[in-house]
Each structure stands twice: as structure tokens, then as C-alpha cells.
Amino acid sequence: MPELPEVETTVKGLRARVLKRAFVDVWSDWQKTIKKPVAFEDFKKELKNKKILNISRRAKNVIFDLSSGYSLLVHQKMTGHLLVGTWKFENGRWLPEEKGPLEDSYNLFIHLVFFLDDGNMMALSDLRKFAKVELWDSKELKKELEKLGPEPLEKTFTFKKFKEALKGKRGKIKIVLMNPEVVSGIGNIYANEALWMAKIHPKKDVSKIKESELRKLFDAIKKVLALGVELGGESFSDYRKPDGSKGSFGTERKVYKREKQPCFRCKTIIKRIHFNGRSSFICETCQQL
DNA sequence: TGCAGTGTTGCTTC
DNA sequence: CGAAGCAACACTGC
């Protein structure tokens, strides 16, 4: 799914619905999603009757701390999203029991279902099946997550911290920004948006960016991610909130997926370029190399 | 029909 | 050895 704002939106929605609940059972028709422990029966056994004590986000990971001292980690990757509701299994797939946003076609790729002790279900819908689920010893997971870059929306993420994160990094700024070991949570949408906002070309070499531009980029990252969280993320594709509804960041998107449309600042036609295996969207007037 | 795709890792190549 | 490029994962929608 998704990037920091989408994962944060998911976590908020889950807190309201599944915090303090316990797992009753687990179902899956694509057990490859569960990487740890590999054996599905072991995974099931470890979860059964365990209560969800806390739900948090670190980078693009959703983390459920359980009463057993273990933590369930869900990384939704490209198309995964967690939903809460009730479904019935019919003709080989899960159909929502109620009318409403859960009926959205993107919500029907359910390959993993957690049954909860209040009768609700938490489901992982994942069209491309790239998502991963892992069960960790909570302390070990904490240690593992320290390898990731700083959280850009934390108060402790200062301009100084940002510069430290970039220190010694070489190459194109967009690739560096999207590296999870440099800064957490920035993916293709928000990297494009932040670079446009700061008027920096995505291919600009990190070493060639001036202090003043870096400052603008820092501000832009904070601003665009905070706005994304406020608006519940971006749902132009398959990302949905846990209730199945769409986020509304789309109304604020300035460059991503706006190829051939005019720049909101200067009317230059937005161009799509390709590198690092991804699309970048730029205004060649505002963002120069 | 063919290709792009909100992510990450790991292999290959230079 | 480091950096850059690319495939892999898997499948739908445009």
C-alpha cells in the first residue's frame, strides 16, 4: 500500500476497531504471505487467544503487540490493505455481509482473515500478493526496526537529523529519499510531491543540493506527509481505510499521476520520466537539474 | 495486446 | 569493493 500516510490511516482505523480484541482463529488461501513462522499451523497456534495490547506504525509496517510478548508485523507492500468487518465465504471468496464501502472491488482480494473475539474479522486484501506478515518476539522486533531510517513526522526529526540521514549518501535525491534506511515511509507518491513542492529535480545529485534547497525539501516532506495523514491517504488505486472507504489526498496531489496536465504553479505541462524502475512526474520549469 | 504499478530485497554487472 | 541496474514477487486494470 502504501506509504506513511496510508499506513498511519490504517493504524488509526484499526485502533478504533480491534484494540483489546483477541484472536480466535486465522484463515488463509495464500499462506506464502506469512513468512514467520513459515508453518501456518504454528502461526495459528501462536495467535490463538492472544490479545492485541497495542497497535502502532513504524515506517510502512503495521505492528500489533500481543499479550504473549510477541508482535505481529504486517507490511502491505504494493496492494495490501487491512480491513475490519464481517464477511461470509461464498464460491471461493469472502463477500462482505453488509452493504457499503467494503463492497468496493479492490476490497475483494482477501487472502488472509483473522477472526476476533467480538465476532468481527480483520482481513488482508492484497491483489498482487506481495504483502508480508511476520510474528516476532517483541523485543527482537524492536531491535530489528532500529535499522530503519528516522520517522519524518516525529518532533525529533529535525533539519539537523535530516542532514545527518543524508550524510555520505550518493546519487539521485529521489532514490535516496525512497530508501527506507535513510528516511522511513516515503514512497513514490510523496517523494514526487515533496520534490515538486521544494522545486527540486528528482534526478539531482544529493551532493549538489544547496543547504537552502535541503531546508525546503525538509519542510516539504513534513508538510506533504502530514497533509496525507490528515486526508486519510491516497486511494487513486487500491488503498482503502480499514472500513473500506477511500482516503482523499487525491484532491491535494500536485504532480504524481498528473502527466500532460499543467503545473499548478507555472502552467508548464507535467512530464513523466522513468528511472530507478519507477515513474517520476516533474515540472521542468520548477524543477531543474 | 501489452505494460505499468503506492515496495523491498537481493543478485548481477561494471 | 561500491554503485547502479534490474529481476523477482503476482496479478489486475487501463
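These numbers were taken from a predicted model, which means no experiment stands behind them.

Spatial ordering of the open sheet is given by E2-E11-E5-E4-E3, a layout of 5 strands whose pairing is mixed. Both edges of this open sheet fall to strand E2 (34–36) and strand E3 (52–58), since each of them pairs with a single strand only. Taking the axes of each pair of neighbouring strands and ignoring which way they run, one obtains an average angle of 20° across the sheet. Bridge count for E3 against strand E4 (residues 61–66) is 6 bridges, and the pairing is antiparallel. For Ile52, the partnering residue across the bridge sits in E4 and is Leu66. Against the sheet, helix H1 (residues 4–18) contacts E3 and E4, and its axis sits at roughly 170° relative to E3. Each of E2, E4, strand E5 (70–75) and strand E11 (132–137) is contacted by helix H2 (residues 40–47), which is oriented at about 55° to E11, the strand it contacts most.

Taken together, Trp30, Lys32, Tyr106, Phe109, Leu127, Arg128, Lys129, Phe130 and Arg170 make up the full set of residues near DNA strand C. Looking at DNA strand C alone, sugar and phosphate atoms form 60% of those within 4 Å of the protein. Taking Lys32, its side chain carries an N or O atom lying 2.3 Å from a phosphate oxygen of DNA strand C. Contact distances for DNA strand C include 2.3 Å between a phosphate oxygen and a side-chain N or O atom of Lys129. Residues of the surface near DNA strand C, tallied by class, amount to 5 nonpolar, no polar and 4 charged.

Around DNA strand B, the structure places 20 residues, and the nearest of them are Ser237, Asp238, Tyr256, Arg272 and Ser279. Counting only atoms of DNA strand B within 4 Å of the protein, the sugar-phosphate share comes to 58%. Between a phosphate oxygen of DNA strand B and a side-chain N or O atom of Asn188, the distance comes to 3.1 Å. Of all the secondary structure elements, the ones that give two or more residues to the surface near DNA strand B are helix H6 (188–197), strand E12 (271–275) and strand E13 (278–282). Of the residues assigned to the surface near DNA strand B, the class counts are 7 nonpolar, 6 polar and 7 charged.

Calculation notes
Residues numbered from 1 in each chain as written. Chains lettered and ligands numbered in written order. Predicted model: local features only at pLDDT ≥ 70, side-chain atom pairs only at ≥ 80, totals over all residues. Heavy atoms only, no water. Pairing = 2+ DSSP bridges. Helix = DSSP H or I, 4+ residues; strand = E, 2+ residues; numbered from the N terminus. Axes fitted to C-alpha atoms, helices over the stretch in contact; angles between N-to-C directions. Contact = heavy atoms within 4.5 Å. Near = heavy atom within 4 Å. Polar contact = N/O pair within 3.5 Å; in protein donor to acceptor, adjacent residues only side chain to side chain. Nonpolar A, V, L, I, M, F, W, Y, C, P; charged D, E, K, R; others polar.

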